[in-house]
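Residues per chain, in single letters:
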Amino acid sequence: MKSVHVTGPGRAEWVEVPDPVVGPRDVLLKIRACGICGSDGMYTQVGGIPPRQGATPLGHEPAAEIVQIGAEVTGFAVGDHVVIDTMRFSDGFLGSGGAQGALTPFVVVHDAQPDVHLKTIPAHIPWEVAALNEPMAVALHAVNRTAPEPGAKVAVFGAGPIGLGALLGYRRKGAAHIVVIDVQPERLQKALEVGADAVIDSSKEDVGERLRELHGDAAASFVRGDRPDTDIYLDAAGVAVVPQTVAAIAKSRATLGVVAVHKRPVDLDFGTILPTELTIVWAMGYPTEIFEVTDDIVENWQRYEKIISHRVPFDEALDALTLAATPGAADKVSVVFD
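As the structure is a prediction and not an experimental result, all values here were calculated from the model.

Visitor: Which residues make up the overall build of the chain, and what are the values?
Guide: In terms of helices and strands, the chain carries eleven helices and 16 strands. For the chain, the C-alpha radius of gyration of 21 Å lies close to 20 Å, the compact-globule estimate for 338 residues. Taken over the C-alpha atoms alone, the chain extends approximately 65 × 40 × 30 Å along its principal axes. Here the chain, with 338 residues, has 53% of them falling under the buried criterion. The contacts of the chain with a sequence gap of at least 6 include a subset with a gap of at least 24, amounting to 67%. Accessible area for the chain stands at about 14500 Å²; split by element, carbon and sulfur atoms hold 52% of it. Averaging the locations of the 28 positively and 44 negatively charged side chains of the chain gives two centres separated by 3 Å.

Visitor: Describe the sheet that holds strand E4 (residues 56–57), and please don't skip the residues or the numbers.
Guide: Across the sheet, which stays open at both edges, the three strands sit in the order E2-E1-E4 with antiparallel pairing between neighbours. Strands with a single pairing partner mark the edges of an open sheet, and in this sheet they are strand E2 (11–16) and E4. Sheet strands touched by helix H11 (residues 317–325): strand E1 (2–8) and E2. Its angle to E2, the strand with the most contacts, is close to 160°.

Visitor: Break down empty space enclosed by the protein for me, with residues and values.
Guide: Scanning all chains against the criterion turns up one cavity of 30 Å³ or more. Approximately 40 Å³ is the volume found for the largest cavity. Along the walls of the largest cavity sit Met 136, Leu 140, Gly 165, Gly 169, Arg 172, Val 293, Asp 296 and Tyr 304, which together make up its complete lining. Elements with a contribution of two residues or more to the lining of the largest cavity: helix H3 (133–145) and helix H4 (161–172).

Visitor: Mind laying out the layout of surface pockets, listing which residues take part and the relevant values?
Guide: Quantified by volume, the second largest pocket comes out at close to 210 Å³. As for the second largest pocket, its lining consists of 15 residues, of which Met 1, Val 17, Pro 18, Ala 99 and Gln 100 are closest to the centre. Of all the elements in the fold, those that place two or more residues in the lining of the second largest pocket are E1 and strand E7 (106–109). Counting residues per element, the lining of the second largest pocket draws most heavily on E7, at three residues. A per-class count over the lining of the second largest pocket returns nine nonpolar, five polar and one charged.

Visitor: With reference to specific residues and values, describe the side chain of Asp 296.
Guide: Within the secondary structure, Asp 296 sits in helix H9 (residues 294–299). The side chain of Asp 296 is buried and forms no salt bridge, while Arg 172, the nearest opposite charge, is found at 4.3 Å. Sequence-distant contacts of Asp 296, defined by excluding residues within four places in its chain, comprise Arg 172 and Tyr 304.

Visitor: Mind laying out the pattern of salt bridges, listing which residues take part and the relevant values?
Guide: A side chain with one charge may pair with a side chain of the opposite charge, provided their charged atoms come close. Overall, the coordinates contain 20 salt bridges when judged by the stated rule. As a salt-bridge pair, Lys 251 and Asp 229 come within 2.8 Å of each other at their nearest N and O atoms. Separated by 22 residues along the polypeptide, Lys 251 in the loop between helix H7 (241–249) and strand E13 (255–258) and Asp 229 in the loop between helix H6 (207–215) and strand E12 (232–235) bring together distant segments of the chain. The class of Lys 251 is buried, set by a relative accessible area of 13%.

Visitor: Tell me about unusual backbone geometry, and please be specific about residues and values.
Guide: A positive phi is found at Asp 111, a non-glycine position, where the angle reads about 55°. Relative to the helices and strands, Asp 111 resides in the loop between E7 and strand E8 (118–121). One non-glycine residue with positive phi stands out, namely Asp 115, at about 60°. Examined against the element boundaries, Asp 115 turns out to sit in the loop between E7 and E8. You can call Asp 115 exposed: its relative accessible area is 52%.

Thresholds, definitions, all that
Residues numbered from 1 in each chain as written. Predicted model: local features only at pLDDT ≥ 70, side-chain atom pairs only at ≥ 80, totals over all residues. Heavy atoms only, no water. Helix = DSSP H or I, 4+ residues; strand = E, 2+ residues; numbered from the N terminus. Rg over C-alpha atoms; globule rule 2.2 N^0.38 Å. Buried < 20%, exposed > 50% of the residue type's maximum accessible area, 1.4 Å probe, protein only. Contact = heavy atoms within 4.5 Å. Areas by Shrake-Rupley, 256 points an atom, 1.4 Å probe, with all protein chains shown as cover. Lys, Arg positive; Asp, Glu negative; His and termini not counted. Charge placed at Lys NZ, Arg CZ, Asp CG, Glu CD. Pairing = 2+ DSSP bridges. Axes fitted to C-alpha atoms, helices over the stretch in contact; angles between N-to-C directions. 1 Å grid on protein atoms, 1.4 Å probe; cavity = no way out; pocket = protein on both sides within 12 Å on 5 of 7 lines; lining within 4 Å. Points joined across faces, edges and corners; volume = space filled by probe spheres on them. Nonpolar A, V, L, I, M, F, W, Y, C, P; charged D, E, K, R; others polar. Salt bridge = Lys/Arg side-chain N within 4 Å of Asp/Glu carboxyl O.

Written out as structure tokens, the structure reads:
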């Protein structure tokens, strides 16, 4: 069968790989959809994860159907629709340096266990929406890292898939008011459709002033009180101006979460930050959230569906990688299989 692999720095190509062999404790999956992640472009640029010679399979945002079950496996049935913990595979992270990738028709899960490797979902959930489970788990982990209290006032920088997923995660956690900040009008409109209380176009508006209008003024402390009463800021944009802006406007003991990948060093003025006692937390992956987010996707799949901007057939998966890596061309690309 054919599979998409990184074959060298800057090169992703079709590679012929053997059909998976299913053992007595294994489950065979037919991949039905697989999202393209920004990290797929990073893997391609460096020649694989870790950077290495030889082909590296891609695809770590899958949804699948069970088509074969080993004799010793319990808890599954042929035909089950499932989402997948791609970090629990015994042969390495699926599509992130492991032996297999989900931009392939079939994947085998060794020693498969319910709610450890796979979680079943209702059959009415569209495959491409189910394939959001992995990136939405990343977004939910970022939300959890910022420890929102019910009634929190939140500002999310970046209305891409992770930012929108975080918006939904904060809503689930009981946030009272969520503002999404971006520079692209179409992304801001989508944020409103997904459920943001307000949006800010930071290319045209002063973020601090608008947040003061929306969230009120914070109480004075070691810093002046003319700062927004925003409790949590989340950087899902990955540009230096975001943490710099937060450092300049954050109230006393606000929290800044960073889930975005910053490709360049960020200069921060610690003298400005010190009196705010700003808490900065980092979020990567999904230690516990991979199936925590699933129920919310099932219950609110129409909202999650709005995150997907493009659906591309598997035979055009290389084009999907190019589309996803082109700045401004797409928000969330999903590869769909027959």
